[in-house]
Amino acid sequence: MTTLLVEEKEIVVPGQIIAEGLDYLPGEDVLREGDHLISTKVGMVTLQGRFVKVVALNGPYVPKRGDIVIGKVVGVGLSGWRLDIGWPFEANLSLKEATSDFVEKGTDLSKYFDYGDYILCQIVNVASVKIIDLSIRGPGLRKLGLGRILSLPSPKVPRLIGKQGSMITMVKDATNCKISIGQNGTVWLSGEDPKLEMLAVKALKKIEAESHTSGLTDRMKEFLEREKNGL
Amino acid sequence: MAYEKRIDGRKFDELRPFEAKVGVVPRAAGSAMFKIGKTIAVAAVHGPRELYPQVFQNPTRGVLRCNYNMLPFSGSGDRVRPGPSRRSKEISLVTEKALLPLLDLSAYAGSVIDVYIELIQTDAGTRCAGICAAAMALADAGIPMKDLVSSVAVGRVGGKIVLDLNKEEEDYEGHATDIATAFATRNGQLTLLQMDGFLTKEELKKALELAKKGCEMIKEVQIKALKEKYKGGNNE
Amino acid sequence: MSNIERDYYLQLLSKGFRLDERKFEEYRPITVEYSISAKSAEGSARVRIGGTEVVAGIKLEVGEPYEDNPDEGTIMVNMELLPMSNPDFESGPPSIHSIEIARVIDRAIREGKGLNFKKLCIRKGEKMWIVLIDIYPLNDEGNLFDAASLAALAALKDARFPAIVNDKADYKEKTQQKLPLEALPLSCTILKVGDFFLVDPLSEEEKFLDARLTVGVLEDGSLCSLQKGGDASLSVEDIDTMVELAIKKTKELRKFLK
């Protein structure tokens, strides 16, 4: 007999028994111990078919192949750059993944990307914890210009983006800001009006703080309208 | 002299008033405060981050590094000289051992997860309070854990087995027995056991039963504190 | 070396904005709590400036006076930048940054005659009180200098002498007697970023400072300590502007000490 001991969207803690019985399968951040399915994080219970998973409310960013991230250039070498993507180890952006130009050997690569530049790129390979390869060959991937950098917890990124980008588009439209969000939680933001930029920052922080609640989309719509009118 | 009534009037199996709060150090990856009686511990987690020097890196999993420290004005008499002491280093070690069995650090090879525990005020049971705070801080940081860890001291004071000694009981008649324990209560697993004093095998059994009960009571409050952080988001 | 964050910040400042919604001269919300470690410390306090949280504690010890000041007690100020409070702080002995803050606060109290050292004398030439002030940040979101200064003074206000038994402090017995606090030398730090002067920086703003000036000010507006920091230089006019601003802001800060 399989029983779910909690409701969907309920917040559970590590060690909490979510289900008893063998019919459910352990999904992300859930482990099976004999008859029990246990949560390993503080998060919301979600059912996906037969899988029970926990959507964590906080946690370190773990790089995955295919992730779009925003990294900061912390090393300029002879054949590429090293980027800080919020992981304990730096990731590599090789010359051939950055440009199809012919670059002479010995060129100072800092004229392409310099220390302190922020790059929107994609993880193309995670060979090990210390070997992570990036690329900017892809639509929209590029060096980011003048703007504001924020750091938000990576588990919140899906909520910040929203279904098919609906949430982030709402914020961009309401504030006339360009916003790029990396799966690693790094956000780049740039607008014309500092007051609207500030509103975008407030909106992102609000979504982050209330990501586990329902009705957030409507509330954010109201919030953005109200705040804009107040400006 | 028979110990019929506890110095502060509690029952023998009663904890001092205690409370927990999560997220008290916003800049950290995770944090929590645990207060029991007059002992106040704050724990904060930073990392995973690269572990230096490299020779200490573990190629298969992350390393847990705990640092227990008493603030100079937190002792019960003289000022505590700042900096690590042999005692604080030992406590840091047993704290790490108390938490490690419940953590899954397989995703963080080569890295370290730092847990800093600071004691703001002390009245016995400091390492236990530190462990309670650290467990919540790790959960708050989203480090995968198989269970929370709860920790409390038991002992024998004036011949009686008691739960959660305060400083006066620790010093009672010069020879109370003090036992620090930590449990992952879901499976009743013990992860910390230290004893200072002497007692019989039967008394130890009784003491551990009592400690487990105490930890179960503490765990409820730890769970509540973790969930409390996310309450009240629906109203605007 | 690219610095889009700094360039962006300077652009923001030139439009009259900071990274949060405050004006250049505005402090974040400040709270002061007393007796946060009442069981152990002779005096203690917790100060919050925005998200920055600093605790300070006072311990009193009996010691021997220095030969050249036989009828005076003394203070010792210690600060450690706890790694808990900021992922960039390392474990280990006090860093030069924490030593700087501690010494600046010490000077402000000493030169500002915050404590009447003569009233800390127990027996001339033989015994005196040492007031040990320990300052510890628990969460660093910028402006540790000012938070530390406020916390130290609040803890001094909170402190009471322990009883003395046989020339030693008896910590089990606290008296009602306050410390001889005769002035409140408060520090205020002014930052210069580009051509702009700011007060109470967030950590994200502190990264961009060109120079800073920490000014210790007494109630009557006179100065009791100065410390310039940062890699850039300041003109005499800059100093003038910054000192004016510090005097103005410490008046406001003083209100938080009741």
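Structure: see above.
Residues numbered from 1 in each chain as written. Chains lettered and ligands numbered in written order. Predicted model: local features only at pLDDT ≥ 70, side-chain atom pairs only at ≥ 80, totals over all residues.

K.L.:
Mind showing me how you'd approach the packing of helix α2 (residues 166-175) of chain A against helix α4 (residues 216-230) of chain A here?
P.N.:
Each packed pair of helices is defined by two parameters, the angle between the axes and the distance between the axes. Residue and element names in this part refer to chain A. As a packed pair, α2 and α4 sit with axes 11 Å apart at the nearest point and diverge in direction by 10°. With respect to α4, the element α2 is oriented roughly parallel. Here Met-167, Met-170, Val-171 and Ala-174 of α2 lie close against α4, whose contacting residues are Thr-217, Met-220, Lys-221, Leu-224 and Lys-228. Residues belonging to the contact of α2 with α4 are distributed by class as follows: six nonpolar, one polar and two charged. (Axes fitted to C-alpha atoms, helices over the stretch in contact; angles between N-to-C directions. Helix = DSSP H or I, 4+ residues; strand = E, 2+ residues; numbered from the N terminus. Parallel < 35°, antiparallel > 145°, perpendicular 65-115°, else oblique. Contact = placed C-beta atoms within 7 Å. Nonpolar A, V, L, I, M, F, W, Y, C, P; charged D, E, K, R; others polar.)

K.L.:
Would you explain α4 of chain A in this entry?
P.N.:
Spacing of three or four residues puts side chains on the same side of an α-helix, whose turn is 3.6 residues. Residues and elements named next belong to chain A. Over its 15 residues, α4 extends 21 Å from the first C-alpha to the last, a length consistent with the 21 Å expected when each residue adds 1.5 Å. When α4 is considered as a whole, its buried residues turn out to be Leu-216, Met-220, Phe-223 and Leu-224. The arc that holds every buried residue of α4, seen down its axis, measures 95°, which confines them to one face. Facing away from the buried surface of α4 by more than 90 degrees, the exposed residues are Asp-218, Glu-222, Glu-225, Arg-226 and Asn-229. Residues of α4 that are buried sit in contact with α2 and α3 (194-209). (Expected span 1.5 Å × (residues − 1). Buried ≥ 20, exposed ≤ 12 C-beta atoms within 10 Å, placed from the backbone. Arc of directions from axis to C-beta.)

K.L.:
What am I meant to see in the interface of chain C and chain B here?
P.N.:
Quite often, the size of an interface is put as the accessible area lost when its parts meet. Opposite the 30 residues of chain C that make contact, chain B presents 25 residues. Those elements that place two or more of their residues in the side of chain C that touches chain B are β3 (52-63) and β6 (127-139) of chain C. Across the side of chain C that touches chain B, the residue classes break down as 13 nonpolar, ten polar and seven charged.

K.L.:
I tried to follow the interface of chain A and chain B on my own but got confused; where do I start?
P.N.:
Across the contact, 27 residues belong to chain A and 27 residues belong to chain B. Here the side of chain A that touches chain B is composed, by residue class, of 14 nonpolar, eight polar and five charged.

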